[in-house]
Amino acid sequence: MRTTAIRPSIRKCASVSSARSSSGSRRCPRARHLGGYASLYTITDDWHPIVGPEPGLEGYYAFFGGSGHGFKLGPPIGEALADVICGEAADIDISPFRPGRFIDGEPLTSAWGEGNRG
Ligand SMILES: Cc1cc2nc3c(=O)[nH]c(=O)nc-3n(C[C@H](O)[C@H](O)[C@H](O)COP(=O)(O)OP(=O)(O)OC[C@H]3O[C@@H](n4cnc5c(N)ncnc54)[C@H](O)[C@@H]3O)c2cc1C
């Protein structure tokens, strides 16, 4: 993940917050804040990634917007997308992640409601 493009004000805020929580801790009174970083989630409207061929842009395949769970979804979706790109049948159906789902009025939902915890 790229962490260097974060606005200084956000980085300072995260750093101060981290310092307070460690140096002010009763359980670890001698703890010192040595540093830290902050980074941003890329969150889509339904909290699920956008994956698949982009309509109207031949040869372009999307896989972004991990919405906080791109690591765990990366390997299986990556394999399936590779199959799609090669014109082969994928083991899992990744079409629900297609870029056009929002325009189609078919965002993903989960058993737990909105968000990525389903
Ligand atoms: C705080 C935080 C916690 C998270 N926790 C989890 C978790 O617990 N579990 C989980 O599954 N997911 C988690 N995620 C989400 C996960 O990290 C992302 O979904 C995942 O890293 C996305 O992978 P990526 O390869 O698509 O993009 P990235 O990891 O962002 O990689 C993109 C790369 O492209 C580079 N790049 C950008 N622009 C250019 C350019 N113009 N030229 C060349 N290179 C470029 C960047 O420097 C970067 O190295 C978390 C994300 C954040 C921010």
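Summary of the structure given here.

Thresholds applied
- Residues numbered from 1 in each chain as written.
- Predicted model: local features only at pLDDT ≥ 70, side-chain atom pairs only at ≥ 80, totals over all residues.
- Helix = DSSP H or I, 4+ residues; strand = E, 2+ residues; numbered from the N terminus.
- Buried ≥ 20, exposed ≤ 12 C-beta atoms within 10 Å, placed from the backbone.
- Contact = placed C-beta atoms within 7 Å.
- Core = buried A, V, L, I, M, F, W, Y, C linked by C-beta atoms within 7 Å.
- Expected span 1.5 Å × (residues − 1).

1. Some thoughts on the overall build of the protein chain
Regarding its fold elements, the protein chain presents 2 helices and 2 strands. Every one of the 118 residues in the protein chain was classed for burial, and the buried ones make up 14%. Counting contacts in the protein chain only where the partners sit at least 6 residues apart, residues at least 24 apart contribute 45% of the total.

2. Some words on the nonpolar core
Ile50, Val51, Ile77, Ala80, Ile94 and Phe97 form the largest nonpolar core, which has 6 residues in total. Of all the secondary-structure elements, those providing two or more residues to this core are β1 (50–53) and α2 (70–85).

3. Focus: the environment of Ile50
Turning to its location among the elements, Ile50 is positioned in strand β1. Look at Ile50 and you get buried, because 21 C-beta atoms sit within 10 Å. Setting aside chain neighbours within four positions, we find Ile50 in contact with Thr44, Ala62, Phe64, Gly65, Phe97 and Pro99.

4. Concerning α2
The first and last C-alpha atoms of α2 sit only 19 Å apart over 16 residues, clearly below the 22 Å expected at 1.5 Å per residue. In the stretch just after α2, Gly87 is the one whose phi turns positive, near 75°.

5. Details of the environment of Glu114
Note that Glu114 resides in the segment after α2. Judged by C-beta crowding, with 13 C-beta atoms within 10 Å, Glu114 ranks as partly exposed. In the structure, Glu114 is positioned 68 residues away from Asp46 in sequence and 6.9 Å away in space, judged by C-alpha atoms.

6. Concerning unusual backbone geometry
One non-glycine residue, Trp47, lies in positive phi territory at about 65°. Note that Trp47 resides in the loop between α1 (8–23) and β1. Trp47 gets classed as buried once you count the C-beta atoms within 10 Å, which come to 21. Of note, Ser67 is a non-glycine position whose phi angle comes to about 55°, a positive value. As for its position among the elements, Ser67 is in the loop between β2 (61–64) and α2.

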